[in-house]
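# Understanding the architecture of this molecule
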Amino acid sequence: MCLSSYYDLRKPIKFSSCRLTALFTMQTLSHEYADEQNETGFYEDLTKQIRLLGKSCLAEVEYKVDFTRVVEGYNNNQTYVYKTGEVFRTNIFGQIAPLLAGTIVSAKGNHFMGRPGDPIIPISDGTKLKDVIVVEVPTNCNSVLAALFYNQIATLNDIRESDEVEEQMEGKTYRLRECLRNFAGDDNSQKNMVVIHMGCKYGRPPSTGGGVDRVKKRSIEEVEHSDSESTVSGSTSAAGIRLGAFYDPSLNEDYRGPLFNLEKDPLVQQDVRTEDGELVAPWLLYQALKPGVLILADCSLHVFLIKDKAFTRKIYQINAHSIRILDGSDSAPIPRVVPTLPSDAPESIQKAKTSSGTNGAFANFKVPKKFKAQEVSATSGSKAGAKKKGKKNEKFDDAMLL
């Protein structure tokens, strides 16, 4: 069935006034919250912990010195390895940027729905889509922590600059998509944010012959009268939150509408953990990974070459294998927006069809403690945020920071 005959989901979505306000005033971190980080010494402690990561942090490694590129012979895609030949895994930290900067945490993820004028591509079994986390420099942080963040960007720039020289020598041109961006998403100003892709949101589990252990929907009344120790991390044993678990996709509240056409593929548990190391249920990522939250991500680097009719796309992508929340945020949770259908659409189409490799330094990273504990909360108030102005991407040394 051609979904576009009923409603073109690629057109601008109409929101209620309250949802529109929530979406476009989505800031990162308020000055007051950031100032508290400095007053309690949290930023200072975090700086020390990041520096202790040493060569396992992207800020501290040199391209072609500590790691290098490997080209896959069958498709010319590129991965990165240490000089020892082991897959290059690195730690990247930062503050989650607003939705308007490219952060995507939703049931739809980064799914491409098709070009304008073509039939909409629904999300079906086998569709690969991911949530996308864009990180920026922590608000009002000290100069050393800011330098460490921008040194991560400098390392990624070193990779691209090396590739540019090679492309010019070979006379090759590509349509690029880098893993760096700016708030405007253009190429006219300095790219000061890092784009990180999470794992596939939906996926068919390997066949075990015993069926899939899925978490089913529970009534709100049941939850309200259940054990009061249940937390935002959703990590209670009753809920079955564990790595390797799969869940009913409709547990995501925005998994609604004709775009979703999954029948067998379940919702996948991502390795996202709170400050206390507890797993976050995938249907609660919209609160746990809201703008302003500080994270540390265990990542690998990739380059994909995709041939189109008239050109070849070269896509630089950072894949997160694990994410650790380092500190919360006083911004509001990410709004869960469900596209609405026109009132005259057929009733049948209005109903949605539902159905370890962590690196050692990441695993042992010590999350700094604050004098006043902060929690990931769905009821956090939204305050006006502050964006740091652009800084230079050149690498810094200690002498420059004194």
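Right, let's walk through the structure included here. (Residues numbered from 1 in each chain as written. Predicted model: local features only at pLDDT ≥ 70, side-chain atom pairs only at ≥ 80, totals over all residues. Heavy atoms only, no water.)

## Considerations on the pattern of salt bridges
A complete count under the given rule lists 15 salt bridges for this structure. The partner of Arg-89 in a salt bridge is Asp-298, with the nearest N and O atoms 2.7 Å apart. Placement of Arg-89 in strand β3 (residues 89-96) and of Asp-298 in strand β14 (residues 294-307) is noted, with a sequence separation of 209 residues between them. In this structure, Arg-89 and Asp-298 share a single accessibility class: buried. We note a salt bridge from Glu-178 to Lys-191, for which the minimum N-O separation is 3.3 Å. Taken as a pair, Glu-178 in the loop between β6 (175-177) and β7 (180-181) and Lys-191 in the loop between β7 and β8 (193-200) lie far apart in primary sequence, 13 residues in all. Take Glu-178: its relative accessible area is 23%, and that puts it in the partly exposed class. (Salt bridge = Lys/Arg side-chain N within 4 Å of Asp/Glu carboxyl O. Helix = DSSP H or I, 4+ residues; strand = E, 2+ residues; numbered from the N terminus. Buried < 20%, exposed > 50% of the residue type's maximum accessible area, 1.4 Å probe, protein only.)

## Some points on the environment of Pro-282
Summarising the element assignment, Pro-282 is placed in the loop between β13 (272-273) and α6 (285-288). Counting along the chain gives 36 residues from Pro-282 to Phe-246, while the straight-line C-alpha distance between them is 9.7 Å. Residues in contact with Pro-282, not counting those within four places in the same chain, are Tyr-247, Asn-252, Leu-267, Val-268 and Gln-269. (Contact = heavy atoms within 4.5 Å.)

## Notes on the pairing of β14
Of all 14 residues that make up β14, ten are buried, and the element is covered over most of its length. Looking at chain direction, strand β2 (residues 78-82) and β14 are connected through two bridges and run antiparallel. If you follow Thr-79 over to β14, its bridge partner there is His-302. Note that β3 and β14 share seven bridges and pair antiparallel. Along β14, the bridge assignment pairs Arg-89 with Ser-300. (Pairing = 2+ DSSP bridges.)

## Focus on the pairing of β2
Pairing of strand β1 (residues 67-71) with β2 involves five bridges; the strand directions are antiparallel. Paired with Val-71 across the two strands is Gln-78, which belongs to β2. In textbook terms, the turn of a hairpin is the stretch between consecutive antiparallel strands, and for β1 and β2 this stretch comprises six residues, one of which, Asn-76, has a positive phi near 65°.

## Here we look at the packing of aromatic side chains
The final tally for this structure, using the stated rule, is eleven aromatic pairs. Ring geometry for Tyr-247 versus Trp-283: centroids 5.1 Å apart, planes at 85°, classification edge-to-face. In this pair, Tyr-247 is assigned in strand β10 (residues 246-247) and Trp-283 in the loop between β13 and α6, connecting sequence segments 36 residues apart. Of the two residues, Tyr-247 and Trp-283, neither departs from the other in class, the shared state being buried. Lying over the aromatic face of Phe-311, Arg-175 brings its terminal NZ or CZ to 3.7 Å of the ring centre. Here Arg-336 stacks its cationic end above the ring of Tyr-286, 3.8 Å away from the centre of that ring. (Phe/Tyr/Trp six-rings, centres within 6.5 Å; stacked < 30°, edge-to-face > 60°. Lys NZ or Arg CZ within 6 Å of the ring centre and 35° of its normal.)

## Here we look at the nonpolar core
Among the nonpolar cores identified, the biggest contains 81 residues, and Ile-50, Tyr-80, Leu-156, Val-194, Ile-196, Leu-289 and Ile-318 are the most heavily contacted of them. A per-element tally of this core places helix α4 (residues 143-170) first, with eight residues. Ile-50 has contacts with Cys-57, Phe-93, Leu-145, Leu-148, Leu-296 and Phe-365, leaving out every residue within four places of it along the chain. Formed by six residues, the second largest nonpolar core is a distinct cluster that contains Ala-97, Val-132, Val-134 and Val-195. (Core = buried A, V, L, I, M, F, W, Y, C linked by side-chain atoms within 4.5 Å.)

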